[in-house]
Amino acid sequence: AFFEVIHVANQQEAASIVQEKLEQDLKANTLNVLGLATGSTMIPIYKNLVESSLDFSEVTAFNLDEYIGLAPTNVNSYAYFMQEHLFSRKQFKETNIPNGNAMDLDAECARYEKQLNEHPLDIQFLGVGENGHIAFNEPGTSFNSVTHVANLTDSTLGVNSQYFDDEEEIPHTAFTMGIASIMKAKKIILLAFGEKKRPAIDALLGDTISEEWPITVLKNHPHVTVITDIK
Ligand code: GLP
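Please read these numbers as outputs of a predicted model, since none were measured by experiment.

Reading guide: rules and limits
Residues numbered from 1 in each chain as written. Predicted model: local features only at pLDDT ≥ 70, side-chain atom pairs only at ≥ 80, totals over all residues. UniProt positions renumbered as here; feature names shortened; annotations may be inferred. Helix = DSSP H or I, 4+ residues; strand = E, 2+ residues; numbered from the N terminus. Near = placed C-beta within 6 Å. Nonpolar A, V, L, I, M, F, W, Y, C, P; charged D, E, K, R; others polar. Buried ≥ 20, exposed ≤ 12 C-beta atoms within 10 Å, placed from the backbone. Arc of directions from axis to C-beta. Pairing = 2+ DSSP bridges. Axes fitted to C-alpha atoms, helices over the stretch in contact; angles between N-to-C directions. Contact = placed C-beta atoms within 7 Å. Expected span 1.5 Å × (residues − 1). Right-handed = clockwise from strand over helix to strand, strands pointing away. Core = buried A, V, L, I, M, F, W, Y, C linked by C-beta atoms within 7 Å.

Asks: I tried to follow the UniProt feature "domain: Glucosamine/galactosamine-6-phosphate isomerase" (unreviewed entry) in the chain on my own but got confused; where do I start?
Replies: In the numbering used here, UniProt assigns the feature "domain: Glucosamine/galactosamine-6-phosphate isomerase" (unreviewed entry) to residues 12-220. Annotation note: span residues 12-220, helix share 33%, strand share 15%, distance between end C-alpha atoms 29 Å.

Now the structure itself:
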């Protein structure tokens, strides 16, 4: 398996490396479907892509997750985040995010997983939560999970509450790609910056693979690049 850890001094350096990797795959015609992530980690990465000359007009994008109950017009939705940081400024062939307003939750999960299966991910970007979650796959989530409704942990709600004006508005559930959905991606690029992510990166670089640390599943993946400022 291919497992590389690239230590960077800062997020700008990470953004340049990401740009190079995407450029190579675009040139080689091996990047047709790109899995995207949200979160503060991704902001400088997307800013750099927006300012680059990379052409994504033939690339179909899939996002990892979305809060249940938030419409795309809600500033806290991931659909809004993606519009603001990437989609309004870079043209994609098609963009996909679970519909936070879907009425039938199970049907929305099934629809999204079917879309994913019809468009195999070439590259999937991942951030990581402080508790080792990937997308919204919280500790204890089965490694066999596909797209599902996740209950957010207190830890995740606490970290995310900074973005909401009113705590009552924070959704406690989200649609998320499952761990098995993510693991089907041909390549994974995981980004982690700052001391708060150290326990998660230590778990990833340690020996144990456990559902208690969802990030550790990546040790079973054939092609992973970790880009981090944590030494
Ligand atoms: C949320 C998202 C994850 C993301 C995580 C870390 O929980 N669902 O996909 O990786 O936040 O966010 P940040 O990059 O802001 O640290």
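Asks: Honestly, the site of the ligand in this entry has me stumped. Any pointers?
Replies: Around the ligand sit 13 residues in total, of which Gly39, Ser40, Thr41, Gly127 and Gly129 are the nearest. Split into classes, the residues belonging to the shell around the ligand amount to five nonpolar, seven polar and one charged.

Asks: What is the right way to read helix H7 (residues 198-205) from this model?
Replies: The complete set of buried residues in H7 reads Ala200, Ile201, Ala203 and Leu204. The arc that holds every buried residue of H7, seen down its axis, measures 155°, which confines them to one face.

Asks: Can you walk me through the sheet that holds strand S9 (residues 187-192) in this structure?
Replies: Hydrogen bonds along the backbone pair up the strands of a sheet, which may run parallel or antiparallel. The seven strands are arranged S1-S10-S9-S6-S2-S3-S5 in an open sheet whose pairing can be described as parallel. Each edge of the open sheet carries a strand with a single partner, namely strand S1 (2-7) and strand S5 (94-96). Averaged over all pairs of adjacent strands, the angle between strand axes in this sheet comes to 15°, irrespective of strand direction. In this sheet, strand S10 (residues 223-228) lies alongside S1 in parallel orientation, the contact comprising six bridges. Within the sheet, the bridge partner assigned to Phe2 lies in S10 and is His223. Packed on one face of the sheet, helix H1 (residues 11-27) meets S1, strand S6 (123-126), S9 and S10 and runs near 170° to S9.

Asks: How should I be thinking about helix H4 (residues 105-118) in this particular structure?
Replies: Within an α-helix, residues lying three or four positions from one another point in the same direction, as the helix has 3.6 residues per turn. Taking 1.5 Å of rise per residue, the 14 residues of H4 would be expected to cover 20 Å, and the 20 Å separating its terminal C-alpha atoms lies within 8% of that figure. Burial in H4 covers these residues: Glu108, Cys109, Tyr112 and Leu116. The buried residues of H4 all sit within an arc of 100° when viewed along its axis, so they share a single face. Set apart from the buried face of H4 by more than 90 degrees, the exposed residues are Asp106, Ala107, Lys114, Asn117 and Glu118. Where the residues of H4 are buried, they touch strand S3 (60-63), strand S7 (148-151), strand S8 (173-176) and helix H6 (179-183).

Asks: Got a minute to help me understand the pairing of S3 in this structure?
Replies: On a regular strand, one side chain projects to one face of the sheet and the next to the other, so that they alternate. With four bridges connecting them, strand S2 (residues 33-36) and S3 associate as parallel partners. Along S3, the bridge assignment pairs Val33 with Thr60. As for the winding sense of the linkage, the β-α-β connection from S2 through helix H2 (residues 43-51) to S3 is right-handed. Summarising the sheet, S3 and S5 pair through three bridges and their orientation is parallel. Within the sheet, the bridge partner assigned to Ala61 lies in S5 and is Thr95.

Asks: Please clarify how the nonpolar core should be interpreted in this entry.
Replies: The nonpolar side chains of soluble globular proteins are, as a tendency, buried together. Membership of the largest hydrophobic core comes to 63 residues, with the highest contact counts inside it found for Met82, Phe125, Ile189, Leu190, Leu191 and Ile215. Per-element tally for this core: the top contributor is helix H3 (residues 78-87), with six residues. Not counting residues within four places of it along the chain, the set of residues in contact with Ile215 comprises Val128, Gly132, Ile134, Ala200, Ala203 and Leu204.

Asks: Explain unusual backbone geometry to me, please; I cannot follow it from the model alone.
Replies: Note: most residues except glycine have negative phi, and most peptide bonds are trans. Even without glycine at this site, Asn29 takes up a positive phi of about 60°. Inspection of the secondary structure puts Asn29 in the loop between H1 and S2.

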